[in-house]
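Chain and residue survey
Listed here are the chains, written in short residue letters.
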Amino acid sequence: MNKENFDVIVIGGGPSGLMASVSAAEHGAKVLLLDKGSKLGRKLAISGGGRCNVTNRADVEEIIKHIPGNGRFMYSPFSVFNNEDIISFFENLGIELKEEDRGRMFPVNDKAITVVRTLLERIDSLKVDVRTNTEVADVLYHDDRVEGVKLKNGEYITATNVIIAVGGKSVPHTGSTGDGYPWAKKAGHTVTDLYPTEVPITCNDKLIKDKTLQGLSLRDIELSVIDPKKKKGIVTHDGDMIFTHFGISGPAALRCSQYVVKARKKHKGKDVPLEVNLFPDKRGNDVIEDIDRFLKSEPKKAVKNALNGWVPDRMLTALFELSGVDPQLTQANVSKENIRDLANLAQHFPLSANGTLSIEKAFVTGGGVSVKEVQPKRMESKFKHGLFFCGEVLDLHGYTGGYNITVAFSTGYTAGRAAAMNLWEE
Ligand SMILES: Cc1cc2nc3c(=O)[nH]c(=O)nc-3n(C[C@H](O)[C@H](O)[C@H](O)COP(=O)(O)OP(=O)(O)OC[C@H]3O[C@@H](n4cnc5c(N)ncnc54)[C@H](O)[C@@H]3O)c2cc1C
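Because the structure is predicted, anything quoted here is derived from the model rather than measured.

**Some words on helix α5 (residues 83–92)**
All of the buried residues in α5 are N83, I86, I87, F89 and F90. The arc enclosing the buried residues of α5, seen along the axis, measures out at 160 degrees, which places them on a common side. Two to three positions downstream of the cap, the backbone nitrogen of E84 sits 3.0 Å from a side-chain oxygen, assigning the N-cap of α5 to N82. Trailing α5 by a residue or two, G94 shows a phi angle of about 95 degrees, which is positive.

Dropping the structure here:
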């Protein structure tokens, strides 16, 4: 075995591995960072639409609510390094950040690459040894300790601490190909079922299949996922959404997607009903009154034309088609029931989800290394001394909006610090 002496080996140069390297080196460890790609931070560079949503300004309680995948676990890593620490970290390195809607924080210049570059400069200044194009094939253990890693080229490198920061299985061209799960299993860890989250939803409605609504964006709507059996709402998310050629996407759809996956699993692949509320801030009667007002202002026109501007044009066509109300009626002969039907449909527009795109096409991987088997203030394995996990390889996932990157930075910093501390505790 190669006897190069590193205190800490970090596998993976995404946000969690980069931050783990910084933190371990800042706490005095000699660090080796390995990544199989030619560049570090590839996913980070495309995150937040290429602008990098580095974190979120909400308070910790609020952030945890936005991490539906084991968010409560994050209380401990946040006690070591939280969103405000992330903001200070980047501001101290000269990156000005700005806050956008829903507390989302971005670099002022809107360039993710600035964030990646700053992390790389910090790593360089801390003399972290970085090797790109270096794929780890295995993590080595001896009894209850980690011993080092084996590279794909056959080389062995020893270290008393190894941090697994290889991400999940989503968007594999960025290097996240699920390599960490077998290494975790070999150490005795449970890997919970993997599934796509923050992923577009596929629907089998006629209006989707015949592409009537394709490309139509809806702003500030509410989308609800309905239990297929109990017919009761499972979850509702507000925001924007867009109809695609296969179903729906956009922030509200992405947030609802994991509930579609879970409901389909629970109900053995049954389609999952969805409902769109075009007027989430209005009561049913208000919507009826709005329709009345439109019709009264154009009493001679066909209702379809009189309602021009009430909802987007193609949505209006869909509402008439689904409600069965004749669009050629005029105000004089449209019934109260017709109006009620249109209003009701505008607040309960039905869709039927028959799945999502694949885990590879998802923004985030749900499931992963069970957090129950990781010490939350250290991110160290409960089974192997010197073995750490951070970032998306863990069974932790948040909504888009900076929450996953916050998880990656926070768990990465916590793991790096604890790995360095091991050196002084031994
Ligand atoms: C398009 C897109 C947009 C996103 N936008 C947002 C957003 O706005 N907000 C948000 O919170 N989250 C967002 N995310 C999710 C977020 O980017 C990820 O959760 C985060 O990057 C995970 O960080 P990580 O360090 O755990 O893993 P990754 O970023 O996946 O990094 C893993 C690294 O490990 C390396 N690696 C893997 N296997 C090996 C091996 N065998 N040997 C050596 N190296 C290896 C890979 O090459 C890669 O560099 C987005 C994701 C995508 C795909």
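What follows continues from the structure just given.
**Quick word on the sheet that holds strand β3 (residues 55–56)**
Here three strands make up an open sheet; going across it, the order is β3-β5-β4 and the pairing antiparallel. Both edges of this open sheet fall to β3 and β4 (97–99), since each of them pairs with a single strand only.

**Digging into the site of the ligand**
Around the ligand, a shell composed of 36 residues is seen, among which S16, D35, S176, D179 and E392 lie nearest. A distance of 3.1 Å separates a nitrogen atom of the ligand from a polar backbone atom of K36. Contacts to the ligand include Y403, whose backbone N or O atom sits 3.2 Å from an oxygen atom. Isolated, the ligand exposes 1000 Å² of accessible area, and the fraction of that covered by the protein chains is 96%. Of all the secondary-structure elements, those providing two or more residues to the shell around the ligand are α1 (15–26), α2 (42–50) and α14 (403–425). Among the elements that take part in the shell around the ligand, α2 stands out by supplying five residues, more than any other. Among the residues making up the shell around the ligand, the classes are represented as 13 nonpolar, 16 polar and seven charged.

**What about the packing of aromatic side chains?**
This structure, assessed with the given rule, holds five aromatic pairs. Their ring planes at 80 degrees and their centres at 6.5 Å tell us that F81 and F89 sit as a pair that is edge-to-face. We classify F81 as buried; its relative accessible area is 6%. Ring geometry for F81 versus Y413: centroids 4.0 Å apart, planes at 5 degrees, classification stacked. You can see F81 sitting in the loop between α4 (75–80) and α5 and its partner Y413 sitting in helix α14, a full 332 residues away along the chain.

**Comments concerning the sheet that holds strand β16 (residues 349–356)**
In space, the six strands of this closed barrel follow the order β11-β14-β13-β12-β15-β16, with antiparallel pairing throughout. The sheet shows a mean angle of 45 degrees between the axes of neighbouring strands, taken without regard to direction. Packing against the sheet, helix α12 (residues 313–323) makes contact with β12 (217–226), β13 (233–243) and β16, and its axis sits at approximately 100 degrees to β16.

**Considering the pairing of strand β7 (residues 136–142)**
Pairing analysis gives six bridges linking β7 to strand β8 (residues 145–151), with the strands arranged antiparallel. Paired with H142 across the two strands is R145, which belongs to β8. The antiparallel hairpin formed by β7 and β8 contains two residues in its connecting segment, where D143 sits at a positive phi of about 50 degrees.

**Some points on the side chain of K384**
Mapped onto the elements of the fold, K384 is located in the loop between β19 (380–381) and β20 (387–389). Notably, K384 is buried but unbridged: the nearest opposite-charge side chain belongs to D144, and the N-O separation is 6.9 Å.

**What to know about unusual backbone geometry**
A positive phi angle, near 50 degrees, is found at N133, a position not held by glycine. Note on placement: N133 falls in the loop between β6 (129–131) and β7. Despite not being glycine, K268 has its phi angle at roughly 50 degrees, a positive value. Judged by relative accessible area, which is 77%, K268 ranks as exposed.

**Some thoughts on the domain arrangement of the chain**
When the parts of a complex come together, some accessible area is lost, and that lost area is often taken as the interface size. The domain architecture assigned to the chain consists of domain 1 (5–194 + 368–425) and domain 2 (200–357). Between the C-alpha centres of domain 1 and domain 2 the distance comes to 40 Å. Tallying the contact residues gives eight residues for domain 1 and eight residues for domain 2. Contact between domain 1 and domain 2 buries roughly 660 Å² in total, counting both sides, with carbon and sulfur atoms accounting for 37%. Together, R102, Y399 and T400 form the three largest contributors to the area buried by domain 1 at its contact with domain 2, with a combined 68%. If you look at where domain 1 meets domain 2, you find two salt bridges. R102 is paired through a salt bridge with D238; the nearest N and O atoms lie 3.1 Å apart. Linking domain 1 to domain 2 there are five residue pairs in polar contact (both at pLDDT 80 or more). A per-class count over the side of domain 1 that touches domain 2 returns three nonpolar, three polar and two charged.

Reading guide: rules and limits
Residues numbered from 1 in each chain as written. Predicted model: local features only at pLDDT ≥ 70, side-chain atom pairs only at ≥ 80, totals over all residues. Heavy atoms only, no water. Buried < 20%, exposed > 50% of the residue type's maximum accessible area, 1.4 Å probe, protein only. Helix = DSSP H or I, 4+ residues; strand = E, 2+ residues; numbered from the N terminus. Arc of directions from axis to C-beta. Polar contact = N/O pair within 3.5 Å; in protein donor to acceptor, adjacent residues only side chain to side chain. Pairing = 2+ DSSP bridges. Near = heavy atom within 4 Å. Areas by Shrake-Rupley, 256 points an atom, 1.4 Å probe, with all protein chains shown as cover. Nonpolar A, V, L, I, M, F, W, Y, C, P; charged D, E, K, R; others polar. Phe/Tyr/Trp six-rings, centres within 6.5 Å; stacked < 30°, edge-to-face > 60°. Axes fitted to C-alpha atoms, helices over the stretch in contact; angles between N-to-C directions. Contact = heavy atoms within 4.5 Å. Lys, Arg positive; Asp, Glu negative; His and termini not counted. Salt bridge = Lys/Arg side-chain N within 4 Å of Asp/Glu carboxyl O. Domains from an automatic or database assignment. Buried area = accessible area lost by both parts, 1.4 Å probe.

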